[in-house]
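Tertiary structure, described
Listed here are the chains, written in short residue letters.
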Amino acid sequence: THSPDSNSCHWLKVRPRVARPFSVVVAIDFGTTSSGYAFSFTEDPETIHMMRRWEGGDPGVANQKSPTCLLLTPDLRFHSFGFAARDSYHDLDPEEARHWLYFDKFKMKIHSTSDLTMETELESVSGRRVPAIEVFAHALRFFREHVLKEVKDQSSSVLEGNEVRWVITVPAVWRQPAKQFMREAAYLAGLVTPDSPDQLLIALEPEAASLYCRKLHLHQVIDLSQRPIINGLDVEGSHPFDSSFRQAREQLRRARHSRTFLVESGTGELWSEMQTGDRYIVADCGGGTVDLTVHQIEQPQGTLKELYKASGGPYGAVGVDLAFEAMLCQIFGADFIESFKAKRPAAWVDLTIAFEARKRTAAPGRANSLNISLPFSFIDFYKRHRGQSVETALRKSNMNFIKWSSQGMLRLSAEAMNQLFQPTINNIIKHVENLMQKEEVKDVRFLFLVGGFAESPMLQRAAQNALGRNCRIIIPHDVGLTILKGAVLFGLDPTVVRVRRCPLTYGVGVLNRFVEGRHPRDKLLIKDGREWCTDILDRFVSVDQSVALGEVVRRSYTPARMGQRKIIINIYCSDTDDITYITDPGVRKCGAITLDLLESGAVAASAGDNDKGSAIERREIRTTMQFGDTEIKVTAVDVATGQLVRASIDFLSN
């Protein structure tokens, strides 16, 4: 047995404290549909400050997040972000609006682009294209200015730029290039400089949510499984089932004058029901993606361990908007909708905003229809283009659950709303069910629903019906802000997630001695009279392997020739682990490690120094890679001199 003393030493080794004395941690939750920020001073880490009300928000709504939309002037200068961008775009003259660039839901493009680079472009609503990295940088710059202003107001001392630790959230299902893209955008926006990369952390959205959920107390959550429901009505009475939400929301609204949240230290009493080693799923249902993470709480430290690799996909609430757009195309013709978007972009944005507002009120028990007003220019444009009225088009489309009301509204029956939600919700449920089948996840007893889409009674009901028998479904109050608060906690102590699972198998191609009968002839390479087998995958980590924080993979590389300035090593990855060669199906080149030999003096001075030259030729550069963090990191050292070699890893210029 250890003396308690040696135990605590061990404990210090496990959780290195932050070396740099940051005085404030700022988290930016950069969402597909809405974004926000929160911050905490490191000397008072229990207090999380939520961002101020946004100017231009709807009065009477505690808008703690702003819509993720950006408006640029015709000469590509920043004009506005959030509600202000929405309103300014709406107020532009239609002719003028065609020259302005309005972007919304642009984060999805980063998820869906398979070969993301610094040159990837985004298309504005009116069809003009600009580099995606610039759109992201504009948005982050906007946040930077707002945050720093607000932090300065709250803080008595003068803030130096290097005292701020920034945290930006991304979906856990995002691949390495997308994470690197966010980092590059932050450099471009001036949040931090590339030579102090540790000042910026990339946090995974469901991980952040998980950190916050662990701290919750029972009065801060709604437990769906506690409420018996029959046909959408409470057993106790005829309240639709979300009345408890309304009461909870009321209490919150009253407590909302304070934008400051206290996070109790330790873990909440919700967890006192969870035994040591208990496991739970966090389903982060956002605007764009749904992200599933499975965690286990490790005692005594309360650190978290990931039990299965992150899964999910593009099944966020935006799916419902796309279904609505598809329905409009079915009624009015896809070509008409396309040309309306191009000619009247601002009116199109108004229509999508009107739909989104109604979408939020959709609930399973509703009998009455939802009205969506069509912009006048839509009705007018359709009549001129098609020579018939919108009303006629609706009649002819035989969609019997959408009617036309004389006030210029589309009336969507409850049935129609259901149909728009169903495909997206089914995808989410199916994903959670598949995850629960997995060996590592089999008897998980708690499911947290977080993210903005988790506010939807449609999704809550479906989750309760499909999954409520197997586990308790828990929804934190203020569920749309869970990730934001958790991201601040992550910034205060990033070592709290101690073990993660690898999303992919990573490795490099190497030469091995050729073995007759085991290696195929087409891989044979004869070099210096020896037989080598090419293209063999040297695995760094395997898909779904557990990797602890700080655990490293080491390899040594030697310059191939004298005077070589750089060693470039291609990295390959694969979704499966049953691979032998980098040429196997499913293996793709995904990035490269560059070792810069010039700076570290690892390049031979002059070819004349023969003895010295030969030593340098065998120079060994020991490379250390880390896969246990939210991003892949690499460092290198010149073994002969002990000097650090500049090492970088790049997934974007592929």
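What counts and how
Residues numbered from 1 in each chain as written. Predicted model: local features only at pLDDT ≥ 70, side-chain atom pairs only at ≥ 80, totals over all residues. Heavy atoms only, no water. Pairing = 2+ DSSP bridges. Helix = DSSP H or I, 4+ residues; strand = E, 2+ residues; numbered from the N terminus. Axes fitted to C-alpha atoms, helices over the stretch in contact; angles between N-to-C directions. Contact = heavy atoms within 4.5 Å. Salt bridge = Lys/Arg side-chain N within 4 Å of Asp/Glu carboxyl O. Buried < 20%, exposed > 50% of the residue type's maximum accessible area, 1.4 Å probe, protein only. Phe/Tyr/Trp six-rings, centres within 6.5 Å; stacked < 30°, edge-to-face > 60°. Lys NZ or Arg CZ within 6 Å of the ring centre and 35° of its normal. Parallel < 35°, antiparallel > 145°, perpendicular 65-115°, else oblique. Left-handed = near helix turned anticlockwise from the far one by under 90°. Nonpolar A, V, L, I, M, F, W, Y, C, P; charged D, E, K, R; others polar.

An unreviewed UniProt entry annotates the protein chain as Heat shock protein 12B of Cyprinus carpio carpio.

Taken in spatial order, the 3 strands line up as β6-β5-β7 in an open sheet, and their pairing is antiparallel. Across the chains shown, the open sheet's two edge strands, defined by having one partner strand only, are β6 (78–81) and β7 (101–104). Averaged over neighbouring strand pairs, the angle between their axes works out to 15° when direction is ignored. The strands touched by helix α2 (residues 83–91) are β5 (69–72), β6 and β7; relative to β6, the strand with the most contacts, the crossing angle is about 115°. The strands touched by helix α5 (residues 132–154) within the sheet are β5, β6 and β7, with β6 carrying the most contacts at an inclination of about 65°.

Side-chain pairs of opposite charge can arise whenever the charged atoms involved come near each other. Inspection of every chain in the model, using the stated rule, returns 27 salt bridges. The salt bridge involving R77 is made with D75; its shortest N-O contact spans 2.6 Å. On the basis of relative accessibility, which here comes to 51%, the residue R77 falls in the exposed class. We note a salt bridge from D629 to K633, for which the minimum N-O separation is 3.0 Å.

For strand β1 (residues 24–30), the buried fraction is high: 7 of the 7 residues fall into the buried class. Of the two faces of β1, both are covered, the one formed by V24, V26, I28 and F30 as well as the one formed by V25, A27 and D29. As judged from the 5 bridges shared by β1 and strand β10 (residues 164–170), these two strands associate in the parallel manner. Along β10, the bridge assignment pairs V25 with R165. In this sheet, strand β2 (residues 34–41) lies alongside β1 in antiparallel orientation, the contact comprising 7 bridges. Looking at β2, one finds that F30 is bridged to S35. Where β1 hands over to β2, the hairpin turn is made up of 3 residues, counted between the paired strands.

The next subject is the packing of aromatic side chains. For the coordinates displayed, the defined rule picks out 25 aromatic pairs. With centroids separated by 5.4 Å and ring planes inclined at 85°, the aromatic side chains of F336 and F378 adopt a geometry described as edge-to-face. One end of the pair, F336, is in helix α10 (residues 334–343); the other, F378, is in helix α12 (residues 376–386), with 42 residues separating them in the sequence. As far as the burial class goes, F336 and F378 line up, both buried. Pairwise contacts between aromatic rings join F332, F336, F340, F378, F381 and Y382 into one cluster. Directly above the ring of W532 sits R513, whose terminal nitrogen or CZ lies 5.2 Å from the centroid. The ring of Y581 has K523 lying over it, and the distance from NZ or CZ to the ring centre is 5.3 Å.

A word on the pairing of strand β20 (residues 402–405). Pairing analysis gives 4 bridges linking β20 to strand β21 (residues 409–412), with the strands arranged antiparallel. Directly across from I402, in β21, lies its bridge partner L412. Linkage of β20 to β21, two consecutive antiparallel strands, is achieved through a turn of 3 residues, within which G408 is found at a positive phi near 80°.

It is worth spelling out the environment of L72 at this point. In this fold, L72 is placed in strand β5. Judged by its relative accessible area of 2%, L72 falls in the buried class. Each C-alpha atom, one on L72 and one on F103, is 8.5 Å from the other, the two residues being 31 residues apart in sequence.

Okay, unusual backbone geometry next. As a rule of thumb, non-glycine residues mostly have phi less than zero, and peptide bonds are mostly trans rather than cis. Phi is positive for D535, close to 65°, though the residue is something other than glycine. By the secondary structure assignment, D535 is in strand β27 (residues 530–541). Take D535: its relative accessible area is 25%, and that puts it in the partly exposed class. Positive phi, close to 65°, is recorded for D544, a residue that is not glycine.

A separate point is the environment of V547. Within the secondary structure, V547 sits in strand β28 (residues 546–548). C-alpha of V547 to C-alpha of Q626: the two residues are 79 residues apart in sequence and 8.8 Å apart in space. Excluding residues that lie within four positions of it along the chain, V547 makes contacts with R498, V499, R500, C502, V541, F627 and G628.

Moving on to helix α15 (residues 457–467). Counting buried positions over the 11 residues of α15 gives 9, a clear majority of the element. Every buried residue belonging to α15 is among P457, M458, L459, Q460, R461, A462, A463, Q464 and L467, and all of these are buried.

Before going further, it helps to spend a moment on the packing of α5 against helix α6 (residues 176–188). Between α5 and α6, the shortest axis-to-axis distance is 8 Å and the interhelical angle comes to 60°. With respect to α6, the axis of α5 lies oblique. The way α5 lies across α6 gives a crossing that is right-handed. In contact with A132, I133, F136, A137, L140 and R141 of α5, α6 contributes F181, M182, E184, A185, A186 and L188. Looking at side-chain class alone, the contact of α5 with α6 contains 10 nonpolar, no polar and 2 charged residues.

With that settled, the discussion passes to the packing of helix α14 (residues 414–437) against α15. Their axes nearest at 10 Å, the elements α14 and α15 cross at an angle of 40°. Here α14 lies oblique to α15, going by the angle between them. α15 is crossed by α14, and the crossing has right-handed handedness. Seen from α14, the contacting residues are M417, N418, F421, I425, I428, I429, V432, E433 and M436; seen from α15, they are M458, L459, A462, A463, A466 and L467. Here the residues of the contact of α14 with α15 sort into 13 nonpolar, 1 polar and 1 charged.

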